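Here is what each chain is made of, one letter per residue.
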Amino acid sequence: MMNIKAFTLVSAVERDLLMGDKEHISIECVECCGRNLYVGTNDCFIYHFLLEEKALPAGTAMFTATKQLHRHLGFKKPVNELCAASALNRLLVLCDNSITLVNMLNLEPVPSGARIKGATTFALNENPVTGDPFCVEVCIISAKRRTIQVFLVYEDRVQIVKEVSTPEQPLAVAVDGHFLCLALTTQYIILNYSTGLSQDLFPYCSEEKRPIVKRIGRQEFLLAGPGGLGMFATVAGISQRAPVHWSENVIGAAVCFPYVIALDDEFITVHSMLDQQQKQTLPFKEGHILQDFEGRVIVATSKGVYILVPLPLEKQIQDLLASRRVEEALVLAKGARRNIPKEKFQVMYRRILQQAGFIQFAQLQFLEAKELFRSGQLDVRELISLYPFLLPTSSSFTRSHPPLHEYADLNQLTQGDQEKVAKCKRFLMSYLNEVRSSEVANGYKEDIDTALLKLYAEADHDSLLDLLVTENFCLLTDSAAWLEKHKKYFALGLLYHYNNQDAAAVQLWVNIVNGDIQDSTRSDLYEYIVDFLTYCLDQELVWTYADWVLQKSEEIGVQVFTKRPLDEQQKASFNPDDIISCLRKYPKALIKYLEHLVIDRKLQKEQYHTHLAILYLEEVLQQRVPSSSKDAKGTETQAKLRHLLQKSDLYRVHLLLEKIQGAGLPMESAILHGKLGEHEKALHILVHELGDFSAAEDYCLWGSEGRDASCRQRLFHTLLAMYLHAGPSAQDLTVAAVDLLNHHAREFDATQVLQMLPGTWSVQLLCPFLMGAMRNSIHTKRTTQVALGLARSENLIYTYDKMKLKGNAVQLSDKKICQLCQNPFAEPVFVRYPNGGLVHTHCAASRHTTPSSPSPGTRT
């Protein structure tokens, strides 16, 4: 049990004010209605007091009671119970088993003398069923054995409406609507007096303890149960709250939400309805009355009346928070919702959540703190402000007042423990990263992102770069100074770039690569700069650093021109001629760029193709060793040169032939002769100078690429003739001729070949060629037959359509006009189209020779 101060006990009516020096007078009952306090005594007097409440700075109050009058009821019995019916201006007084109606102001009995007789106790129905505003419903335990009666009480009369029998003698009653909660001799029950149905609750022994039955809310009651338990029960006979554990000797109970207050012989105990814990104990001897009246709790001894003044819930919550009792504070705050207007409660509850969050944060309970901060919609700058220098210097933030916590900064909170400081910083990094994209960040994203950048930089965290390359609101001045302080120059460059200061960013990165400043963030920073310039739209910046990147590496540096985005290349924002001029000092880069223009972009400009071919040629010539023979393997550059010479038709062939003369490049020379249409020269070089028969066959293939079949056939026949005319002594050429025929049978006219071949060759030697030639001939014949058959079928269809059209009559008169020239027909000679249109014969002939003429339909 952990105590809190929920109530203060203050005196309301002093003994002297009530009874003077009359020792024999004692208080039997009390009633409070607004400022009116009524006291019933054992000598049959009723006293009326006016209560004046005065609030005190500590959140409590003091009361002053002013006696208005007192009146004797004319009996010799004590006043057992009082109950005010303010709507009727009546006070119901139970004395000598009779309920009398008296005026609330002058305490005079009503003139009609209306009363209810034979009542041992009674209860008002605070949830009436009649709906009549000019009466109250009263339920009494009748002096008749085992009987409950229900009355309607008006200003000057009473009316019985129901009498209900009970299984045992009732001792106490509370009422809600049609439901009665009764303490019988051995048990508690719920009884519906309208239907007569009852529901047993639980047993108890009335001889051992005094029963307590109290309505605490709509359709809910508080009962004194066995084992010192305060039990809650609804009209359905179930309990929706856990019981509270109070004294075995409880003699009275009251409810002041969220507390249940119990009275025994020596103490007043306060229990929470929210967590069922005992919260406060007040010493109070000789007490015998405890009741609550519309939120005001009154206790009394036989000689004096006291009021339990509740401390404001907010103060109770703050006291709990000050004691670090976060869970209890939150439970109490949630429970306070029903007593506080919605808007005020939301403001208060958010603040309590925020305070609780800082308490958990100070105890390094970060998960709990985060949830509380989020639920309380904390202005995250409150948290950032704990960390020295994280908020931007331009921030206008000031901490909440009154403050949410007692800490000046993180150093005070952690008492200088650097391990705790590090944990707190890691938490803030995580929390800021979560909230920066949420609604919590609205209005102060600059403060959040700047603080996050500072934390990342200080901790050398990988997420620093992620923050800077995505959308962020880091303030340039603060962030730049912080990054420079922690030597995060690459990140500083990213910050400059994000703020459209690309020149400053690139210069900073160049300084890192040059070694002027140290930052090992990226080992490939040079490549990163090249990539950055490649996608940079600022041409001036690209030209500024073009020489620098090329000097570092021609092959990589040229990428700033060759890998530019496709849409930018299409706009031709960089003039290729300007780039070529720049690259003249960098031969490797120049070749790469020209390859980009010719091969990748496929620009059809003679100067680029010629320039690239010459550069290839010069490099090949430089790589050649003078002593190498003509059959030495070509270099990679030589392969590129040959490919370019073969595929391109734009370079200056004669210029290249002049440069190749005497250079010992027969293959290249052959390709160039081929480009000039000098196929015999080309093939002669390949066959007789190089002896490369495979290259000669390839020449026939690529030399006729994109041309008709007859061109390819001529080339192959030329090559075959060259093999055959070499004479019988050239055994290699004979073998080459046989291989040529057998591998490329489809490319030859078999009739011509057979006339060219020496008579000494056997059929077996040419078997593959002859079989291929026969297969090709048969295939051609059959294909032609199929095409002929299809043509005949199509002609038959057209003939049928024509006969159908001829079978239809055509009317021609001088009113008919030609659909092409719009002139009438002068003679009965015409052409008719399938759509029925008629035209002159000469117009039809003219349209046939001039396809662009307007057409009325397809001619038949």
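Each remark here, short or long, concerns the structure printed above.
Worth saying up front: this structure is predicted, and the values here are computed from it rather than measured.

Asks: Talk me through the overall build of the protein chain; I want residue IDs and the actual numbers.
Replies: Scanning the protein chain for helices and strands turns up 31 helices and 30 strands. Taken over the C-alpha trace, the protein chain has a radius of gyration of 56 Å; the compact-globule value for 860 residues is 29 Å, which it surpasses by more than 25%. Overall, the protein chain is about 160 × 95 × 65 Å in size when its C-alpha atoms are taken along their principal axes. Out of the 860 residues belonging to the protein chain, those deemed buried represent 47%.

Asks: So, the pairing of strand β3 (residues 36-41): which residues are in play, and what are the values?
Replies: Most of β3 is tucked away, with six of its six residues classed as buried. Alternating residues of β3 divide into N36, Y38 and G40 and L37, V39 and T41, and every residue in both groups is buried. Of the strand pairs in this sheet, strand β2 (residues 27-33) and β3 are connected by six bridges, and their pairing is antiparallel. Counted as the bridge partner of C32 is L37 from β3. The loop that links β2 with its antiparallel partner β3 comprises two residues; one of these, G34, has a positive phi angle of about 65 degrees. Where β3 and strand β4 (residues 45-55) come together, five bridges link them in antiparallel fashion. Counted as the bridge partner of L37 is F49 from β4. Here β3 folds back onto β4 in antiparallel fashion, the turn holding three residues, of which C44 has a positive phi close to 70 degrees.

Asks: Tell me about helix α8 (residues 418-435), and name the residues and values.
Replies: For α8, spanning 18 residues, the distance from its first C-alpha to its last is 26 Å, which sits close to the expected 26 Å at 1.5 Å a residue. Where α8 is buried, its residues meet α4 (342-362), α5 (366-375), α6 (380-384), α7 (410-414) and α9 (445-459). Measuring from the backbone nitrogen of E419 back to the side-chain oxygen at the start of α8 gives 3.0 Å, which picks out D417 as the cap.

Asks: Lay out the packing of α4 against α5 with the relevant residues and their values.
Replies: Look at α4 against α5: their axes get within 8 Å of each other, and the N-to-C directions meet at 160 degrees. Between α4 and α5, the angle is such that the two are roughly antiparallel. Viewed along their axes, α4 and α5 form a crossing whose handedness is left-handed. Contacts between α4 and α5 pair L353, Q354, A356, G357, F358, Q360 and F361 from the former with F366, E368, A369, L372, F373 and S375 from the latter.

Asks: Run through the environment of I817, naming residues and quoting values.
Replies: In this structure, I817 sits in the loop between α30 (767-806) and β29 (831-832). For the pair formed by I817 and A844, sequence separation is 27 residues and the distance between their alpha carbons is 14 Å. The residues touching I817, leaving out its near neighbours within four places in the chain, are Q822, N823, P824, F825 and L838.

Asks: Describe the nonpolar core, listing the residues and the values that go with them.
Replies: Note on soluble globular proteins: their nonpolar side chains tend to be buried together. F361, L383, L432, W509 and L583 are the most contacted members of the largest nonpolar core, which has 137 residues in total. With residues up to four places along the chain from it excluded, the contact list for L383 reads F358, F361, F373, L378, F427, L428 and Y431. Among the nonpolar cores identified, the runner-up in size contains 36 residues, and L263, F284, M348 and A356 belong to it.

Asks: Tell me about the packing of helix α19 (residues 576-583) against helix α21 (residues 606-623), and name the residues and values.
Replies: Each pair of packed helices can be described by the angle between their axes along with the distance between the axes. It is the contact of α19 with α21, at a shortest axis distance of 12 Å, that shows an interaxial angle of 20 degrees. With respect to α21, the element α19 is oriented roughly parallel. Regarding α19 and α21, the two cross each other, and that crossing is left-handed. Where α19 abuts α21, its residues P576, D577 and I580 lie against Q607, Y608 and H611. Residues that form the contact of α19 with α21 fall into these classes: three nonpolar, two polar and one charged.

Asks: Now, about the pattern of salt bridges: what can you tell me, with residues and values included?
Replies: Scanning the model with the defined rule gives 28 salt bridges in all. Note that R215 is salt-bridged to D176, the shortest N-O span being 2.5 Å. Of this pair, R215 sits in strand β18 (residues 213-217) while D176 is found in strand β14 (residues 172-176), placing the two residues 39 residues apart along the sequence. Judged by its relative accessible area of 0%, D176 is buried. Between R522 and D524 there is a salt bridge, with its nearest N and O atoms 3.0 Å apart. Overall, the relative accessible area of 30% leaves D524 in the partly exposed class.

Definitions and limits used
Residues numbered from 1 in each chain as written. Predicted model: local features only at pLDDT ≥ 70, side-chain atom pairs only at ≥ 80, totals over all residues. Heavy atoms only, no water. Helix = DSSP H or I, 4+ residues; strand = E, 2+ residues; numbered from the N terminus. Rg over C-alpha atoms; globule rule 2.2 N^0.38 Å. Buried < 20%, exposed > 50% of the residue type's maximum accessible area, 1.4 Å probe, protein only. Pairing = 2+ DSSP bridges. Expected span 1.5 Å × (residues − 1). Contact = heavy atoms within 4.5 Å. Polar contact = N/O pair within 3.5 Å; in protein donor to acceptor, adjacent residues only side chain to side chain. Axes fitted to C-alpha atoms, helices over the stretch in contact; angles between N-to-C directions. Parallel < 35°, antiparallel > 145°, perpendicular 65-115°, else oblique. Left-handed = near helix turned anticlockwise from the far one by under 90°. Core = buried A, V, L, I, M, F, W, Y, C linked by side-chain atoms within 4.5 Å. Nonpolar A, V, L, I, M, F, W, Y, C, P; charged D, E, K, R; others polar. Salt bridge = Lys/Arg side-chain N within 4 Å of Asp/Glu carboxyl O.

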